[in-house]
Amino acid sequence: MTDRVVALLGDGLVGPDAPLLRIDDLGVLRGDGVFETVLVVDGVAVEFEAHLARLARSAAMLELPAPDPASWRVCAQTVVDAWDGGREMTLRLVLTRGPESGGPPTGYAMGAPLSPTLLAQRRQGVAVVTLTRGTVPDLAAQAPWLLLGAKTLSYATNMAALRHAERLGAQDVVFTASDGTVLEGPTSTVVVARGGTLCTPPEELGILPGTTQAALFRGAEAAGWPTRVQRLTVPDLLAADGVWLCSSVRLVTPVHTLDGRSLPDTGLTPRLLDLLPLPAVIGR
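First, a word on scope: everything that follows refers to the structure included in this document. What you are looking at is a predicted structure, and each value in this text was computed from that prediction instead of being measured.

**Comments concerning helix α4 (residues 116–124)**
The periodicity of an α-helix, 3.6 residues per turn, causes residues three or four places apart in sequence to face the same way. Every buried residue of α4 is accounted for by L118, A120, Q121 and R122. For α4, the secondary structure elements touched by its buried residues are β3 (33–41), β5 (88–96), β7 (126–132) and β13 (251–258). Two residues or fewer past α4, G125 is found with a positive phi of approximately 80 degrees.

**Remarks on the packing of helix α2 (residues 48–61) against helix α3 (residues 69–82)**
Two numbers describe how α2 lies on α3: the axes approach to 11 Å, and their chain directions differ by 130 degrees. Classified by the interaxial angle, the pair formed by α2 and α3 is oblique. The way α2 lies across α3 gives a crossing that is right-handed. Contacts from F48, E49, L52 and L55 in α2 reach P69, W72, R73 and A76 in α3. Grouping the constituent residues of the contact of α2 with α3 by class yields 6 nonpolar, no polar and 2 charged.

**A closer look at the side chain of T189**
Within the element layout of this structure, T189 appears in strand β9 (residues 189–194). Not counting residues up to four positions away in its chain, the partners in contact with T189 are T200, L208, G210, Q213, W244, L245 and C246.

**Regarding the side chain of R250**
Positionally, R250 belongs in the loop between β12 (242–247) and β13. Among the polar contacts listed, one links the side chain of R250 to the side chain of Q121, at a separation of 2.8 Å. If we ignore the near neighbours within four places in the chain, the residues touching R250 are L118, Q121, R122, V126, D172, T187, S188 and L245.

**Notes on the pattern of salt bridges**
The full count for this structure, using the stated rule, is 12 salt bridges. Its salt-bridge partner being D42, residue R87 comes within 2.9 Å of it at the nearest N-O pair. With a gap of 45 residues between them, R87 in the loop between α3 and β5 and D42 in the loop between β3 and β4 (44–45) connect regions that are remote in the sequence. The exposure class assigned to R87 is partly exposed, which follows from its relative accessible area of 33%. In this structure, the salt-bridge partner of D172 is R250, at a minimum N-O distance of 2.8 Å. Here D172 is found in strand β8 (residues 172–176), whereas its partner R250 is found in the loop between β12 and β13, with 78 residues between them in sequence. For D172, a relative accessible area of 2% gives the class buried. The class for R250 is buried, based on a relative accessible area of 5%.

**Some points on the sheet that holds β4**
The strand order β2-β1-β6-β5-β3-β4 describes an open sheet built from 6 strands, whose pairing is antiparallel. The sheet is open, and its two edges are formed by β2 (12–14) and β4, each paired on a single side. Both strand β1 (residues 5–8) and β2 contribute to a ladder of 3 bridges, which runs antiparallel. Paired with A7 across the strands is L13, a residue of β2. Where α2 meets the sheet, it contacts β3, β4 and β5, and its direction lies at approximately 175 degrees from that of β3.

Calculation notes
Residues numbered from 1 in each chain as written. Predicted model: local features only at pLDDT ≥ 70, side-chain atom pairs only at ≥ 80, totals over all residues. Heavy atoms only, no water. Buried < 20%, exposed > 50% of the residue type's maximum accessible area, 1.4 Å probe, protein only. Helix = DSSP H or I, 4+ residues; strand = E, 2+ residues; numbered from the N terminus. Contact = heavy atoms within 4.5 Å. Axes fitted to C-alpha atoms, helices over the stretch in contact; angles between N-to-C directions. Parallel < 35°, antiparallel > 145°, perpendicular 65-115°, else oblique. Left-handed = near helix turned anticlockwise from the far one by under 90°. Nonpolar A, V, L, I, M, F, W, Y, C, P; charged D, E, K, R; others polar. Polar contact = N/O pair within 3.5 Å; in protein donor to acceptor, adjacent residues only side chain to side chain. Salt bridge = Lys/Arg side-chain N within 4 Å of Asp/Glu carboxyl O. Pairing = 2+ DSSP bridges.

Set out below in structure tokens:
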């Protein structure tokens, strides 16, 4: 079975062990690039156009050349068609500024299997700790050069936060602003249920717009569920009927513990999963 499938933008498939990046590629040297992670189920890239639009949004924030949608569709489909590693696949789209010495941007798509840890979290949920980002809620508008809300390759801080959570006995993180406003997870969007209404923090706080959260809210509204975009605090999470971390591959993962406090299990997770526009997914 296939372990990795890689396609270079404009050039088609390359071997998974073949050289792909130059040693002076700015994506490696400085994290100067953007990416998207897409769930593929039975050959279908879920919410692919939404991911492609977000890739273009992030590229514009970094002043990278606008990604050509048609070329990225071909590149991604090449990887999807070559995959034989199981029903589900993680598809990553990566765009860097290219070589430091000059040259065109580097673009590629990569398919890989889902990790057992991720699949377990889908089923069992996660324990989460809140960690401050040390930023004010309105910083994104005040300092656009900080690229808050862009999905860049500079994920070192996010990964450090997850390692810190593990040392505290948790599996994930909810970031907060300096005033306690809830932001997002390192790789996820926060969604809560309150009195039958689904709520999520606004993008204006400098958080990444969630493709899975958006799809969930579309499905919820079509099914008659009220939805709301509003500021939330940690006490709001503790008082909610349910808290979830939403991401493309983990889907709607319930938070069962927050800062050491158990959260209620109201049985809503299967109902939320049914609201997503998904094929039948393994590990739900």
